[in-house]
Amino acid sequence: SNSNSNRRVTDVVDTIRRSAGNTVAQEHSFRALSNLDMNDSDRHVVRENGGIDEILSAMRNATISDSADKHSAENQQYAQLQASSCRALWNLSSTEDNQQAIIDGGGIPVIVKALTSHADDADVQEKAIAALSNLCANPAAQKAIQESGAIEAVVSAMTNHCMDGSVQDKAGHMLCNLA
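All of these numbers come straight from a predicted model, not from anything done at the bench.

Visitor: Where do I start with the overall build of the protein chain in this structure?
Guide: In terms of helices and strands, the protein chain carries 11 helices and zero strands. Each helix and strand of the protein chain, ordered N terminal to C terminal, gives the series α-α-α-α-α-α-α-α-α-α-α. For the protein chain, with 179 residues in total, the buried portion stands at 48%. Within the protein chain, contacts between residues separated by at least 24 positions form 72% of all contacts whose residues are at least 6 apart in sequence. In the form shown here, the protein chain has an accessible surface area of approximately 8300 Å², with 48% of it arising from carbon and sulfur atoms. Each charge class in the protein chain can be summarised by its mean position, and for the 14 positive and 23 negative side chains these summaries are 4 Å apart.

Structure below.
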């Protein structure tokens with residue numbers, strides 16, 4: 001039933017909120033959120049319960065300095081968190097209201113930062129590009145995406161991951177959606 005589904009979604013959002021600052025727990029929560037078979041009502045519940053803001057906040061906090069070791073365990077955890085976050089945003093951004101919430105929450109530069117910070121991680125690239133691709137459906141997002149450096153980051157991802165069909169597929173869709 002819809003109320004059971006909404007309750008599961010609310011429980012996951014509560015877990016995300018409680019696990020703030022715990023990269024591993026948050027990453028598992030984002031993965032759980034992505035794995036739920038969500039309908040538009042569930043996506044609405046996530047937004048109304050602050051789930052999109054929690055995801056964006058976690059993404060902002062899970063970054064290493066440019067001088068840090070890109071191969072450190074901490075950076076690997078951050079990459080996993082960014083991939084799971086972007087996958088959740090990709091799932092959530094299929095509705096216009098959620099697209100607007102992601103845009104209003106400053107999500108476009110956050111997603112682009114994930115792209116540029118984890119340029120060597122195909123999973124982050126694929127999920128971030130897919131989230132941006134959904135956001136391209138929103139006319140308000142198109143200009144912001146163009147001005148954010150996203151196109152350059154996506155072209156770079158296509159070059160860096162030229163043998164990865166998933167990255168190529170998502171990037172092609174995103175660029176078509178933006179055209």
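Further notes follow.
Visitor: Sorry, what's going on with the pattern of salt bridges here?
Guide: Two side chains carrying opposite charge are able to pair once their charged atoms lie near each other. Going through the model one piece at a time under the given rule, you end up with 10 salt bridges. Two residues, glutamate 126 and lysine 170, come together in a salt bridge whose shortest N-O distance is 3.2 Å. Within this pair, whereas glutamate 126 is found in helix 8 (residues 122-135), its partner lysine 170 is found in helix 11 (residues 165-178), the two being separated by 44 residues in sequence. Residue glutamate 126 shares its accessibility class with lysine 170, and that shared class is buried. Here glutamate 147 and lysine 143 are joined by a salt bridge, their closest N and O atoms 2.8 Å apart. Taken together, the residues glutamate 147 and lysine 143, both in helix 9 (residues 139-147) and four residues apart, mark about one turn of the helix. Of the two residues, glutamate 147 and lysine 143, both sit in the exposed class. Among the charged side chains, a network of salt bridges with common partners joins Asp123, Glu126, Lys127 and Lys170.

Visitor: Looking at this structure, how should I read the packing of helix 3 (residues 40-48) against helix 6 (residues 96-104)?
Guide: When two helices pack together, their arrangement is given by the angle between the helix axes and by the axis-to-axis distance. Where helix 3 contacts helix 6, the two axes come as close as 9 Å, and the packing angle between them is 25°. On the basis of the axis angle, helix 3 is roughly parallel to helix 6. Seen from above, helix 3 lies across helix 6 with left-handed handedness. Where helix 3 abuts helix 6, its residues Arg43, His44 and Arg47 lie against Asp97, Asn98 and Ala101. When the residues that make up the contact of helix 3 with helix 6 are grouped by side-chain class, the tally is one nonpolar, two polar and three charged.

Visitor: What am I meant to see in helix 4 (residues 51-61) here?
Guide: Along helix 4, the residues that are buried comprise Gly51, Ile52, Glu54, Ile55, Leu56, Ala58 and Met59. Buried residues belonging to helix 4 abut helix 1 (2-18), helix 2 (23-35), helix 3, helix 5 (73-92), helix 6 and helix 7 (107-117).

Visitor: Hey, could you run me through the nonpolar core in this one?
Guide: One recurring pattern in soluble globular proteins is that nonpolar side chains are buried together. Membership of the largest hydrophobic core comes to 50 residues, with the highest contact counts inside it found for Leu33, Met59, Ile111, Leu132 and Ile145. Sorting elements by how many residues they give to this core places helix 5 first, with eight residues. Setting aside residues up to four positions removed in sequence, leucine 33 forms contacts with Val12, Ile16, Met38, Val46, Ile55, Ala88, Asn91 and Leu92.

Quick notes on the rules
- Residues numbered from 1 in each chain as written.
- Predicted model: local features only at pLDDT ≥ 70, side-chain atom pairs only at ≥ 80, totals over all residues.
- Heavy atoms only, no water.
- Helix = DSSP H or I, 4+ residues; strand = E, 2+ residues; numbered from the N terminus.
- Buried < 20%, exposed > 50% of the residue type's maximum accessible area, 1.4 Å probe, protein only.
- Contact = heavy atoms within 4.5 Å.
- Areas by Shrake-Rupley, 256 points an atom, 1.4 Å probe, with all protein chains shown as cover.
- Lys, Arg positive; Asp, Glu negative; His and termini not counted.
- Charge placed at Lys NZ, Arg CZ, Asp CG, Glu CD.
- Salt bridge = Lys/Arg side-chain N within 4 Å of Asp/Glu carboxyl O.
- Axes fitted to C-alpha atoms, helices over the stretch in contact; angles between N-to-C directions.
- Parallel < 35°, antiparallel > 145°, perpendicular 65-115°, else oblique.
- Left-handed = near helix turned anticlockwise from the far one by under 90°.
- Nonpolar A, V, L, I, M, F, W, Y, C, P; charged D, E, K, R; others polar.
- Core = buried A, V, L, I, M, F, W, Y, C linked by side-chain atoms within 4.5 Å.

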